[in-house]
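Report on the structure
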Amino acid sequence: MDKILIDGLEIFANHGVLEAEKQLGQKFIISAELELDLRSAGKTDDLSRTINYAEICDGIATLAKMETFDLIETCAEKIASYILQSYPSVKAVRVKVEKPAAPIKHSLRTVAIEIRRKRAQIYLGLGSNIGDTKLNLDVALEKIRHEGINVTACSSYHRTKPVGPIPQDDYLNCVAQAETLLTPQELIKNLLEIESALGRVREERWGPRIIDIDVLFYDDLICSNPDIILPHPRLHERLFVLEPFCELNPYYVHPLLNQRIIDLLTDLQT
């Protein structure tokens, strides 16, 4: 991946735990490494196909000066979020914040923290079979868009039969493709809160539900912990996931099964 480097941007700001740091301020040095595709800009010599260095330096400086943080870790997080949210072409960013005048009783050149944050591509499966199911999906998708998640595409809504032994109404299902700056743990927490806000009550397994939101994929991440299992462990067994998924990205490869979504669908249908 190509990179834009901003090295050693000096600003005067008022970050620090001590009250004197907040009142008097001090110099901070900020560096950023932006990962993006610069081929088009290089071949066309067109500024609109890259990022204006002066503009992004102004944005970083303004952000770092406008608020006061106890921790330079917080300053770095704010800068990384600003860059990723403001410049969609940036896939990942590394931010370093140095504090050369840190109040430490030792001789040193600087103290610093460095973080790397990236834009993750995710796929979500949504379903509802209580009440106005279309409205439930519409509202859920709207709430998702306000939780640090950029929905880039959504399948059509599919009417499907319920899975499991409990008699209940048919479901309306869809799959959404999105980008997020949230970690998997932050993502699942936000989605559970959306389900709860829409009236989801977890009473029995396989039971009817007003809304159900599953994380199907988070990039190619494979993980298993008490909070979230990725990829979703049963998505390859579910027509109501694979059919709408194929509308969005039929050639997406399952990182564990090493099979394309369209092939998983074909296997399930035969």
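Residues numbered from 1 in each chain as written. Predicted model: local features only at pLDDT ≥ 70, side-chain atom pairs only at ≥ 80, totals over all residues. Heavy atoms only, no water.

Things to note about a nonpolar patch on the surface
Side chains of Val 17, Leu 18 and Leu 71 sit close together on the surface and give an oily, nonpolar patch of about 270 Å² of accessible area. Topologically, Val 17 is positioned in the loop between β1 (2-13) and α1 (19-24). Residue Val 17 is classed as exposed on the basis of its relative accessible area, which comes to 56%. (Patch = residues over 30% accessible without salt bridge, like charges linked within 9 Å, V, L, I, M, F, W, Y side chains within 5 Å. Areas by Shrake-Rupley, 256 points an atom, 1.4 Å probe, with all protein chains shown as cover. Salt bridge = Lys/Arg side-chain N within 4 Å of Asp/Glu carboxyl O. Helix = DSSP H or I, 4+ residues; strand = E, 2+ residues; numbered from the N terminus. Buried < 20%, exposed > 50% of the residue type's maximum accessible area, 1.4 Å probe, protein only.)

A look at the sheet that holds β1
Backbone hydrogen bonds hold the strands of a sheet together, and the pairing may be parallel or antiparallel. Pairing is antiparallel in the open sheet, where four strands are placed in the order β1-β2-β3-β4. Where the open sheet ends on each side, the last strands, each with one partner, are β1 and β4 (111-118). Strand-to-strand twist of the sheet, defined as the mean angle between neighbouring strand axes without regard to direction, takes the value 15°. Pairing between strand β2 (residues 26-36) and strand β3 (residues 92-99): seven bridges, direction antiparallel. Each residue of the ladder has a partner; that of Ile 29, found in β3, is Glu 98. Strands β1 and β2 of the sheet are contacted by helix α3 (residues 53-66), whose axis makes an angle of about 40° with β1. Those strands touched by helix α4 (residues 72-86) are β2, β3 and β4, and its axis lies near 30° from that of β4. (Pairing = 2+ DSSP bridges. Axes fitted to C-alpha atoms, helices over the stretch in contact; angles between N-to-C directions. Contact = heavy atoms within 4.5 Å.)

Quick look at the packing of α3 against α4
For any two helices packed against each other, one specifies the inter-axial angle together with the distance between the axes. The geometry of α3 relative to α4 is characterised by a closest axis approach of 10 Å and an angle of 140° between their N-to-C directions. Our pair here, α3 against α4, has a crossing hand that is right-handed. Taking contact as the criterion, the partners of Glu 55, Ile 56, Gly 59, Ile 60, Leu 63 and Ala 64 in α3 are, on α4, Cys 75, Lys 78, Ile 79, Tyr 82 and Ile 83. Of the residues belonging to the contact of α3 with α4, the class tally is eight nonpolar, one polar and two charged. (Left-handed = near helix turned anticlockwise from the far one by under 90°. Nonpolar A, V, L, I, M, F, W, Y, C, P; charged D, E, K, R; others polar.)

Some points on the environment of Leu 235
Take Leu 235: it is sitting in the loop between β11 (229-230) and α7 (239-248). Judged by its relative accessible area of 1%, Leu 235 is buried. With residues up to four places along the chain from it excluded, the contact list for Leu 235 reads Leu 216, Phe 217, Val 241, Leu 242, His 254 and Ile 261.

Remarks on the pattern of salt bridges
With the rule as written, the count across this model stands at 19 salt bridges. Across the pair Asp 212 and Arg 200 runs a salt bridge, and its minimum N-O distance is 3.0 Å. One end of the pair, Asp 212, is in strand β9 (residues 212-218); the other, Arg 200, is in the loop between α6 (184-197) and β9, and 12 residues separate them in sequence. Assigned by exposure class, Asp 212 and Arg 200 land together as buried. Of the charged contacts in the structure, one is a salt bridge between Arg 260 and Asp 263, with a shortest N-O distance of 2.8 Å. Salt bridges sharing partners connect three or more residues here, namely Lys 3, Glu 33, Arg 94 and Glu 114.

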